Amino acid sequence: MPLGEATRAWFAISLQTFGGPAGQIAVMQHKLVDEKRWIGQQRFLHALNYCTLLPGPEAQQLAIYTGWLLNGTRGGLIAGSLFVLPGVIALLALSAIYVRFGSTDLVSALFAGVAPAVIAIVVQAVHRIAKRALAHRALVALAVGAFLALTVFSVPFPLVVLAAGVIGWVLGRAIPGMTRGAGHGEATDGPAPLISDDALHHELPSKRRSLSIVAIGLLLWFTPIALFAAFVSSTDVFVDQGLFFSGTAVVTFGGAYAVLSYVAHQAVTVYGWLGPGEMVRGLALAETTPGPLIMVVQFVAFLGAYRSPGSFDPWVAAVLASLLVTWVTFVPCFLFVLLGAPYVERLRHNQNLTSALTGVTAAVVGVIANLAVFFALHTLFDRNREVGGGPISVDLPVLSSWDPVAFAITGIALLMMFGRSWGPMRTLGLCAALGIGVYLVGLV
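Residues numbered from 1 in each chain as written. Predicted model: local features only at pLDDT ≥ 70, side-chain atom pairs only at ≥ 80, totals over all residues. Heavy atoms only, no water.

Student: I'd like to hear about the nonpolar core, residue by residue, with values.
Tutor: Core analysis: the biggest nonpolar cluster contains 135 residues, and Met28, Tyr257 and Phe375 have the highest contact counts within it. Top contributing element to this core by residue count: helix α4 (residues 58-101), with 15 residues. What Tyr257 contacts, discounting residues up to four positions off in sequence, is Ile121, Val122, Ala125, Leu283, Glu287, Leu293, Ile368 and Leu371. Among the nonpolar cores identified, the runner-up in size contains six residues, and Ala138, Leu139, Leu142 and Ala362 belong to it. (Core = buried A, V, L, I, M, F, W, Y, C linked by side-chain atoms within 4.5 Å. Buried < 20%, exposed > 50% of the residue type's maximum accessible area, 1.4 Å probe, protein only. Helix = DSSP H or I, 4+ residues; strand = E, 2+ residues; numbered from the N terminus. Contact = heavy atoms within 4.5 Å.)

Rendered as structure tokens:
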């Protein structure tokens, strides 16, 4: 495949990557498999199933992998970079607009409408993943356990993921049929590809190749953090954000929603980079931009650095932090895909690995449910209180502080998404209009 033609195709795909991973994968399916017929259906699914085993945004990793199949390493780098570039630019601009104008009444009314829509979007994510992932009662119990571990006992998110993987492996050995039906399933071959499987790019796995990719990947990944650590002493925000989001990049199994609960807790309560309501607003902004939803970390970094710029101008610090966090979030995706691609067949047929990831996926349902609770508490109520003692700690709403407008808009959003099968973008648009309408009639 000529690299120029492939680059133009990836740029066209990058402008259509709205609607979360399902929509993004559907765009690539239509463009690469159905329309251009560059890759066969089974080979496309083979790549997708591998990408679901990795931490990080599976749709972007699928772009890297298919770009690698079509044009080797250069193709993978171009496909993965273009996949996120429009979203990076769009969210950087939206973050700046929020910082500059977010305190105005009209913008506040806009977010009063979109924040309830985010609750409905996250609830829908719980429902969809649960239908696919919880095929056995043991997996349902694992999901409930993950939810309680995070919500009641405040167990760290990485520990929940690790424990879920171990439990999944144990359950896979004890219940052989537990993983049946997991993953993305089978499909027909679809249209015959113009490029045969034998003509697609391939490389023999070798220790030399693997060590080279690991060395280059780690160097690119951590060099920017090291430079900030060495030359910036007036603020720790760059190093803190670089290390924190490097860590989240390697535990983001099951999509962005799974890790956002952990990100929200750390960013709000530990580091104080932004407030709970602002986390919801950032997610709403990320929902309206192309590219992976995990791009919301760019908004978190922008606000955190703007408020703790050290000796930098606040706007310069915000842009630098935003780009740094984007870098450390997505560079690992290239490392994981390019490193593992030659071993993909061996990994795909490893039953122990499949069982472990089945456990992680089940726990992800509980993790996302925890995120829905977090957003609901800080959107539907003005005040919350912490109850419990010892290892048990639960945030509960102050019922007298309930927001009737937020409840009403949330109900409408849920009705549209579950009753009318509306997508996230359409629902966000309606709720934004409702928020402005309520403001214009003087109800907020």
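Student: Help me get a handle on helix α12 (residues 296-307), residues and values and all.
Tutor: Here α12 contains twelve residues, and its C-alpha end-to-end distance of 17 Å stays within 8% of the 16 Å for a straight helix at 1.5 Å per residue. The element α12 is largely enclosed, with a buried count of ten among its twelve residues. Taken together, the buried positions of α12 are occupied by Val296, Val297, Gln298, Phe299, Val300, Ala301, Phe302, Leu303, Gly304 and Ala305. Along its buried surface, α12 packs onto α4, α9 (237-249), α10 (256-270), α11 (276-287) and α13 (314-340). (Expected span 1.5 Å × (residues − 1).)

Student: Explain the pattern of salt bridges residue by residue, including any values.
Tutor: Enumeration over the complete set of coordinates arrives at two salt bridges. With a closest N to O distance of 3.5 Å, Lys31 and Glu35 form a salt bridge. With a gap of four residues between them, Lys31 and Glu35 both fall in helix α2 (residues 20-35), about one helical turn apart. For Lys31, a relative accessible area of 16% translates into the label buried. Here Glu278 and Arg307 are joined by a salt bridge, their closest N and O atoms 2.6 Å apart. Separated by 29 residues along the polypeptide, Glu278 in helix α11 and Arg307 in helix α12 bring together distant segments of the chain. (Salt bridge = Lys/Arg side-chain N within 4 Å of Asp/Glu carboxyl O.)

Student: Outline the pairing of strand β2 (residues 392-397), listing residues and values.
Tutor: Where strand β1 (residues 384-389) meets β2, six bridges bridge the pair, whose relative direction is antiparallel. Considered in β2, the bridge of Asn384 is made with Pro397. Linking two consecutive strands that pair antiparallel, namely β1 and β2, is a turn of two residues; a positive phi of about 65° is found at Gly390 within it. (Pairing = 2+ DSSP bridges.)

Student: Could you give an account of the packing of α9 against α13, naming the residues involved and the relevant values?
Tutor: At their nearest, the axes of α9 and α13 sit 9 Å apart, and the two run at 25° to each other. Considered as vectors, α9 and α13 are oriented roughly parallel to each other. Regarding α9 and α13, the two cross each other, and that crossing is right-handed. Packed against α9, whose contacting residues are Phe238, Gln241, Gly242, Phe245, Ser246 and Ala249, the element α13 presents Ala317, Leu320, Ala321, Leu324, Val325, Val328, Thr329, Pro332 and Phe336 at the interface. (Axes fitted to C-alpha atoms, helices over the stretch in contact; angles between N-to-C directions. Parallel < 35°, antiparallel > 145°, perpendicular 65-115°, else oblique. Left-handed = near helix turned anticlockwise from the far one by under 90°.)

Student: Help me get a handle on the packing of aromatic side chains, residues and values and all.
Tutor: Within this structure, the stated rule accounts for 16 aromatic pairs. Both rings, one in Phe238 and one in Phe312, keep their centres 5.5 Å apart while their planes meet at 75°; by these two values the pair is edge-to-face. Of this pair, Phe238 sits in helix α9 while Phe312 sits in the loop between α12 and α13; the two residues are 74 residues apart in sequence, bridging distant segments of the chain. Counting every residue linked through ring pairs, the aromatic cluster contains Phe244, Phe245, Tyr262, Tyr271 and Trp273. (Phe/Tyr/Trp six-rings, centres within 6.5 Å; stacked < 30°, edge-to-face > 60°.)

Student: Which residues make up the packing of helix α1 (residues 3-14) against α4, and what values do they have?
Tutor: Relative to each other, α1 and α4 sit at 35°, their axes nearing to 9 Å. As for how α1 packs across α4, the hand of that crossing is right-handed. Across from Leu3, Ala6, Thr7, Trp10, Phe11 and Ser14 in α1, the residues of α4 making contact are Ala63, Thr66, Gly67, Asn71, Arg74, Gly75, Ile78, Ala79, Leu82, Phe83 and Pro86. Grouping the constituent residues of the contact of α1 with α4 by class yields ten nonpolar, six polar and one charged. (Nonpolar A, V, L, I, M, F, W, Y, C, P; charged D, E, K, R; others polar.)

Student: Residues and numbers for helix α15 (residues 351-380), please.
Tutor: Look at α15: 43 Å from first C-alpha to last across 30 residues, which is about the 44 Å you get at 1.5 Å a residue. Most of α15 is tucked away: 23 of the 30 residues are buried.

Student: Account for a nonpolar patch on the surface, with residues named and values stated.
Tutor: The grouping of Val140, Val144, Leu148, Phe153 and Ile392 at the surface amounts to a nonpolar patch, some 390 Å² of accessible area in total. On the basis of relative accessibility, which here comes to 37%, the residue Val140 falls in the partly exposed class. (Patch = residues over 30% accessible without salt bridge, like charges linked within 9 Å, V, L, I, M, F, W, Y side chains within 5 Å. Areas by Shrake-Rupley, 256 points an atom, 1.4 Å probe, with all protein chains shown as cover.)

Student: Just give me the short version of unusual backbone geometry, but keep the residues and values in it.
Tutor: Its identity as a non-glycine residue notwithstanding, Ser154 has a phi of 55°, on the positive side. Secondary-structure assignment places Ser154 in the loop between α6 (137-151) and α7 (157-174). The exposure class assigned to Ser154 is partly exposed, which follows from its relative accessible area of 48%. The phi torsion at Ser421 lies on the positive side, around 60°, for a residue other than glycine.

Student: I'd like to hear about the side chain of Gln298, residue by residue, with values.
Tutor: Here Gln298 shows up in helix α12. Within the local environment of Gln298, its side chain forms a polar contact with the backbone oxygen of Val88, the two atoms lying 3.0 Å apart. Residues in contact with Gln298, not counting those within four places in the same chain, are Gly87, Val88, Leu91, Leu92, Ser322, Val325 and Thr326. (Polar contact = N/O pair within 3.5 Å; in protein donor to acceptor, adjacent residues only side chain to side chain.)

On their own, these measurements won't tell you what the molecule is for.
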